[in-house]
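Coordinate analysis (summary)
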Amino acid sequence: TLKMSTVTGNITIAPKLSNSNATTLGVPTESLAQALSSWVITAGTGENQADVFYSDEQTALGTSSSQSYDLSGVLNDGICNSADFVTVKAIIITASASNVSKVTLDSTVANSFNTYVTVDTELDCAPGGSIVLIAPETGWAVTNATADLLNIKNADASNTASFKIVILGTSA
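What comes next concerns the included structure.

What counts and what doesn't
Numbering of residues begins from 1 in every chain and follows the order in which that chain's sequence is written. Confidence filtering applies because this is a predicted model: local features only for residues at pLDDT of at least 70, side-chain atom pairs given and counted only at 80 or more, and all residues used for totals across whole chains, interfaces and linings. Only heavy atoms go into the side-chain values, all of them from the structure, while hydrogens and water stay out. Only strands that DSSP links by at least two bridges are regarded as paired with each other. Each helix is a run of H or I in the DSSP string that is no shorter than four residues. Each strand is a run of E no shorter than two, and both are numbered from the N terminus. What makes a nonpolar core is a set of buried Ala, Val, Leu, Ile, Met, Phe, Trp, Tyr and Cys residues whose side-chain atoms join them at distances within 4.5 Å. Note on exposure labels: buried denotes an accessible area under 20% of the residue type's maximum, exposed denotes more than 50%, and partly exposed covers the range between, all computed with a 1.4 Å probe on protein chains only. We call two residues in contact whenever any of their non-hydrogen atoms come within 4.5 Å of each other. Here a salt bridge means any side-chain nitrogen of Lys or Arg lying within 4 Å of a carboxyl oxygen belonging to Asp or Glu. For every element, the axis is a line fit to its C-alpha atoms; helices are fit only across the contacting stretch, and the angle between N-to-C directions ranges from 0 to 180 degrees.

We now examine the sheet that holds strand 1 (residues 9-13). Strand order in this open sheet of three strands is 1-4-5, and the pairing throughout is mixed. If you trace the sheet from one side to the other, it starts and ends with strand 1 and strand 5 (49-50), each paired once. As judged from the five bridges shared by strand 1 and strand 4 (residues 37-43), these two strands associate in the antiparallel manner. Bridged to Thr12 within strand 4 is Ser38.

Moving on, we get to the nonpolar core. One finds Tyr69, Leu71, Phe85, Val88, Phe113, Leu150 and Ile167 to be the most contacted residues of the largest nonpolar core, which totals 28 residues. Listing elements by their share of this core, those giving two or more residues are strand 6 (52-61), strand 10 (87-95), strand 11 (103-106), strand 13 (130-134), strand 15 (149-154) and strand 16 (161-170). Non-local contacts of Ile167, meaning those with residues more than four positions away in its chain, are made with Val52, Phe53, Tyr54, Tyr69, Leu71, Phe85, Val88, Ala90 and Leu150. Residues Ile41, Ala50, Ala90 and Leu168 belong to the second largest nonpolar core, which totals seven residues.

It is possible for side chains bearing opposite charge to pair when their charged atoms get close. Evaluated as defined, the whole model comprises three salt bridges. Note that Lys153 is salt-bridged to Asp106, the shortest N-O span being 3.9 Å. One end of the pair, Lys153, is in strand 15; the other, Asp106, is in strand 11, with 47 residues separating them in the sequence. Counted as one network, the salt bridges with shared partners bring together Asp106, Glu122 and Lys153.

Below, the discussion takes up the sheet that holds strand 7 (residues 65-70). Spatially, 7-15-11-12 is the arrangement adopted by the four strands of the open sheet, whose pairing is antiparallel. If you trace the sheet from one side to the other, it starts and ends with strand 7 and strand 12 (122-125), each paired once. On average, each strand axis in the sheet is tilted by 25 degrees relative to the strand beside it, whichever way the strands run. By the bridge criterion, three bridges tie strand 11 to strand 15 in an arrangement that is antiparallel. Counted as the bridge partner of Leu105 is Ile152 from strand 15.

In structure tokens:
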């Protein structure tokens, strides 16, 4: 019997920062330790829910090349279910700190998934950096065959690049 998978979890952005300055009057300190954004993910296809999850690690994206993720039924998740997105609610990309140059989330190529921006654009992710896009309520629509390719490119002509990606969304 085939059973449907259940996606649950959370995505939290919670910086913990401290700023101090030694003066002759003491050491004034400023601190920030709070969740700026937190999404508790429950299983389903409604607001604040998800039922499709995909992750990948590219350890050597070739020089001057791209990796395309077809969001309409070609991907399989880590437990061999089809990762067929109707909406995307989160995209998280982290570039390896050992990269020589950036990787780019590129929505300018043909059939790009680009509904998270109002115009075709490129978002650069520097070595050790991350791109985090989250829309937990309604997400961004995926359009099969015309707006369903999520493209990550390595524009470096001499060095490979490594990155991790997480895509979260719904099937309906």
